[in-house]
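Coordinate analysis (summary)
Below are the chains, spelled out letter by letter.
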There are 2 protein chains.
Amino acid sequence: MLKRQITLKDIAKELDVSISTVSKALKNSDEISRDTKEKVQAFAKLYNYKPNNIAISLKNKRTKNIGVIVPDIVHYFFTTVVRGIENFANEKGYNVIVCLSNESFDKEVINMEMLANGSIDGFIMSLSAGTEKNNDFNHLREVTDQGIPLVLFDRVTNEIECDKVVIDDTLGAYLATKKLLEEGRKKIALLTTEDFFSVSRNRNLGYKKALEDFGMELNPDHVLKLPYMDIDEERISSFLKRVSPDGVLSANEIFGIYGMRVLQKLGFEVPKDVSVIGFTDGLLAKHANPPVTAVAQHGEKMGELAAKMLIERVENDYDVPNYQTKILEPTLIERDSTNN
Amino acid sequence: MLKRQITLKDIAKELDVSISTVSKALKNSDEISRDTKEKVQAFAKLYNYKPNNIAISLKNKRTKNIGVIVPDIVHYFFTTVVRGIENFANEKGYNVIVCLSNESFDKEVINMEMLANGSIDGFIMSLSAGTEKNNDFNHLREVTDQGIPLVLFDRVTNEIECDKVVIDDTLGAYLATKKLLEEGRKKIALLTTEDFFSVSRNRNLGYKKALEDFGMELNPDHVLKLPYMDIDEERISSFLKRVSPDGVLSANEIFGIYGMRVLQKLGFEVPKDVSVIGFTDGLLAKHANPPVTAVAQHGEKMGELAAKMLIERVENDYDVPNYQTKILEPTLIERDSTNN
DNA sequence: TTGTAGGCGTTATCAG
DNA sequence: CTGATAACGCCTACAA
């Protein structure tokens, strides 16, 4: 069934020359006579010769593969980051191996180990919820100790020294909260996740800071911290019912969208009675009714940057690491869920 | 910088035994004495020996990698298929290399060639818009001619003989249209894409069939066929304004969501004045206001099935191909954008 | 201008 | 029980 791909050896035998002659001829080396080169190249094209990547990888100790491990691929943000990585990497001749940790520590570890045995030249990843919760980064350390380049994005940790790309989450939340405050909102609810998520921690901080800058103090009763990014319908709706906010900031796309619908069902008009802003400028925000003002995280750019940083590491064997953390600026995209 | 991973050779030298002894010892071969095995295994663990996958791939002519080429990763459906593939493949010890064709014929070809040189054991893919439009499948044929297993899903073609997984798009559209008709809707608009998309062709067919079964005939004025899956705000809104439908069927998630908002802005109430049903039971449909009744395509299952079929081919070298086309049943998920 | 030989890391066969 | 050898497909320094 599997018609074996033709190899240098096959060509050599067929044309009655040596393997190295064939190899050189195909590379247009000028060690080889025009005659021989033409003969070999013609034959190779005729039989559709393609060098075997695996053999080349073994020889070069370079696979031209990048391993990407992300918590999931359903949420818009990760999706766009993956797209950014893909774009840049393909441009540079790299393939992208995508693995989903599914927010699970165990699966993240398994995936890393699966890829760390020579399958890839480097990793780009965002920590799973499980990993952030466990606060266990040994699998990352093993990888970096082996000298495999690693770039963390979005959900990062100080425990590991490596290149990183994040957005300024604190600033993003600050800008959003400020916007609500400037609209005159007094009771701003925060829908977020627990502080063990590095991004949530920072977003929660930005929220607090903005309140303080406007002479208000954070009321814990106005904050709902859920353990995961999944919607807990019960808790979100009872929270909003209780708080009855005139402004909502959501630390992710999905809580905000869901929260807005809950409020609408309770009779609130958006943005007349309550303004809503959410993190992630995704399809949900864009197509909600009304469209939701959002903090754009520039995922695609983030992915490109991460890929760029990684490939740079892979291709240049610096002996002084000099790790960088790039911080992108979030942008507030104003839509109809807030006043303007 | 890059601390070379330890190899069999290193262990052999260090322990003063032969490479093959080490290899066997690590495999717990009973050709080797208990003593030697223990010594070798201890040493290997201590120095964190991991067999080099690339070398193994070269030897076995099996990479344990699956190449997945999809048009994009932003739309919910493809996202879920990729997740299904990932799940099943990882379970079986395979990595998934994801490439995005970005709906472009050229990029699809480039990606295939990139992977077809030994990097993967088989392909799972869904045709790009460009490919369906060009009607050019030579890159697929080259791959299958080489004996590389290929599974097509969703956007497939009869031109290529290989395993396929699809849903019954005609039935899906039929069920949706029937639902609208049974509600008493008389003027059902169809938002769809051009017929060169295999899926659209079938969905358009199902729409027509349902109308006919209810004694109505298709009115071309009630159908808007756009060239791509991107929202053309201008055309969609002027179309809906003109038609002023009491029912809308959308052949994808995004047109339906957008169309519903257009109608709402025009003063239509959903579902009082107009019912809306869209293909793809995704986040947009689920979180729209009101939530949209949708044709579920069971992407995750589709992905798992595709992966299963592919891995079966990869691992068993059938000499009679006996290609299969699996057809999944779509499900109508009823929500508040239709009456019940 | 062409060919030989060795190596990338692993495994399998066969000899000792 | 252990080891030498060849092979997977390619590349390259060196020899002829």
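Thresholds applied
- Residues numbered from 1 in each chain as written.
- Chains lettered and ligands numbered in written order.
- Predicted model: local features only at pLDDT ≥ 70, side-chain atom pairs only at ≥ 80, totals over all residues.
- Heavy atoms only, no water.
- Pairing = 2+ DSSP bridges.
- Helix = DSSP H or I, 4+ residues; strand = E, 2+ residues; numbered from the N terminus.
- Axes fitted to C-alpha atoms, helices over the stretch in contact; angles between N-to-C directions.
- Contact = heavy atoms within 4.5 Å.
- UniProt positions renumbered as here; feature names shortened; annotations may be inferred.
- Phe/Tyr/Trp six-rings, centres within 6.5 Å; stacked < 30°, edge-to-face > 60°.
- Buried < 20%, exposed > 50% of the residue type's maximum accessible area, 1.4 Å probe, protein only.
- Near = heavy atom within 4 Å.
- Polar contact = N/O pair within 3.5 Å; in protein donor to acceptor, adjacent residues only side chain to side chain.
- Nonpolar A, V, L, I, M, F, W, Y, C, P; charged D, E, K, R; others polar.
- Salt bridge = Lys/Arg side-chain N within 4 Å of Asp/Glu carboxyl O.

**Considerations on the sheet that holds strand E6 (residues 188-193) of chain A**
Residue and element names in this part refer to chain A.
- Within the open sheet, the six strands sit side by side as E7-E6-E8-E9-E10-E12. Their pairing is mixed. Sheet topology places strand E7 (223-226) and strand E12 (331-333) at the edges, where each strand pairs with a single neighbour. The sheet shows a mean angle of 15 degrees between the axes of neighbouring strands, direction not considered.
- Along the sheet face, helix H10 (residues 198-213) touches E6, E7, strand E8 (247-250) and strand E9 (275-279) and points at about 170 degrees away from the line of E6.

**As for the UniProt feature "domain: HTH lacI-type" (unreviewed entry) in chain A**
- Per the UniProt record, "domain: HTH lacI-type" (unreviewed entry) is annotated on residues 6-60 of chain A.
- Secondary structure across residues 6-60 of chain A comprises 67% helix and 0% strand; the distance between its end C-alpha atoms is 21 Å.

**Side note on the sheet that holds strand E7 (residues 223-226) of chain B**
Residues and elements named next belong to chain B.
- Overall, mixed pairing links the six strands, which are arranged E7-E6-E8-E9-E10-E12 in an open sheet. Either end of the sheet is taken by a strand with one partner, and the two such strands are E7 and strand E12 (331-333). Adjacent strand axes in the sheet meet at a mean angle of 15 degrees when their direction is disregarded.
- In this structure, strand E10 (residues 293-296) lies alongside E12, joined through three bridges in antiparallel fashion.

**Considerations on the packing of aromatic side chains**
All names here are of chain A.
- In the structure shown here, the tally under the stated rule is 10 aromatic pairs over all chains.
- Plain terms: the ring middles of Phe-43 and Tyr-47 are 4.6 Å apart, the flat faces sit at 35 degrees to each other, and that makes the pair tilted.
- Classification of Phe-43 by relative accessible area gives buried; the value is 14%.
- We classify Tyr-47 as partly exposed; its relative accessible area is 46%.
- Here the aromatic residues Phe-77, Phe-78 and Phe-153 are joined through ring pairs into a cluster of three or more.

**Let's talk about the protein's contact with DNA strand D**
- Taken together, the neighbourhood of DNA strand D is formed by 26 residues, with Leu8(A), Tyr49(A), Thr21(B), Lys24(B) and Lys61(B) sitting nearest.
- In DNA strand D, atoms within 4 Å of the protein come 65% from sugar and phosphate.
- One nitrogen or oxygen atom from the main chain of Ser18(B) is found 3.0 Å from a phosphate oxygen belonging to DNA strand D.
- Interatomic distance of 3.0 Å between a backbone N/O atom of Ser33(B) and a phosphate oxygen of DNA strand D.
- Counting only elements with at least two residues in the surface near DNA strand D, the list comes to helix H1 (8-15), helix H2 (19-26) and helix H4 (53-60) of chain A together with helix H2 (19-26) and helix H4 (53-60) of chain B.
- Residue composition of the surface near DNA strand D, grouped by class: eight nonpolar, nine polar and nine charged.

**Side note on the interface of chain A and chain B**
- Contacts between the two partners involve 60 residues from chain A and, on the opposite side, 60 residues from chain B.
- Run the count over chain A and chain B and you get two salt bridges.
- Here Glu86(A) and Lys107(B) are joined by a salt bridge, their closest N and O atoms 3.8 Å apart.
- For the interface between chain A and chain B, the tally reads 16 residue pairs in polar contact (both at pLDDT 80 or more).
- Counting only elements with at least two residues in the side of chain A that touches chain B, the list comes to H4, helix H5 (76-91), strand E2 (95-100), helix H6 (105-115), helix H8 (138-145), helix H12 (253-265) and helix H13 (283-287) of chain A.
- The element best represented in the side of chain A that touches chain B is H5(A), accounting for seven residues.
- Per-class residue counts for the side of chain A that touches chain B are 27 nonpolar, 21 polar and 12 charged.

**A short note on the pattern of salt bridges**
Residues and elements named next belong to chain B.
- Under the counting rule described, the total for this entry stands at 30 salt bridges over all chains.
- One salt bridge in this structure joins Glu-182 and Lys-178, with 3.6 Å as the shortest N-O distance. Of this pair, Glu-182 and Lys-178 both sit in helix H9 (residues 169-182), four residues apart, which is roughly one turn of that helix.
- Residue classification places Glu-182 among the exposed residues on the basis of a relative accessible area of 53%.
- The exposure class assigned to Lys-178 is partly exposed, which follows from its relative accessible area of 27%.
- For Glu-334, the salt bridge goes to Lys-179, with nearest N and O atoms at 3.1 Å. Taken together, the residues Glu-334 in the segment after E12 and Lys-179 in helix H9 connect sequence positions 155 residues apart.
- The class of Glu-334 is partly exposed, set by a relative accessible area of 46%.

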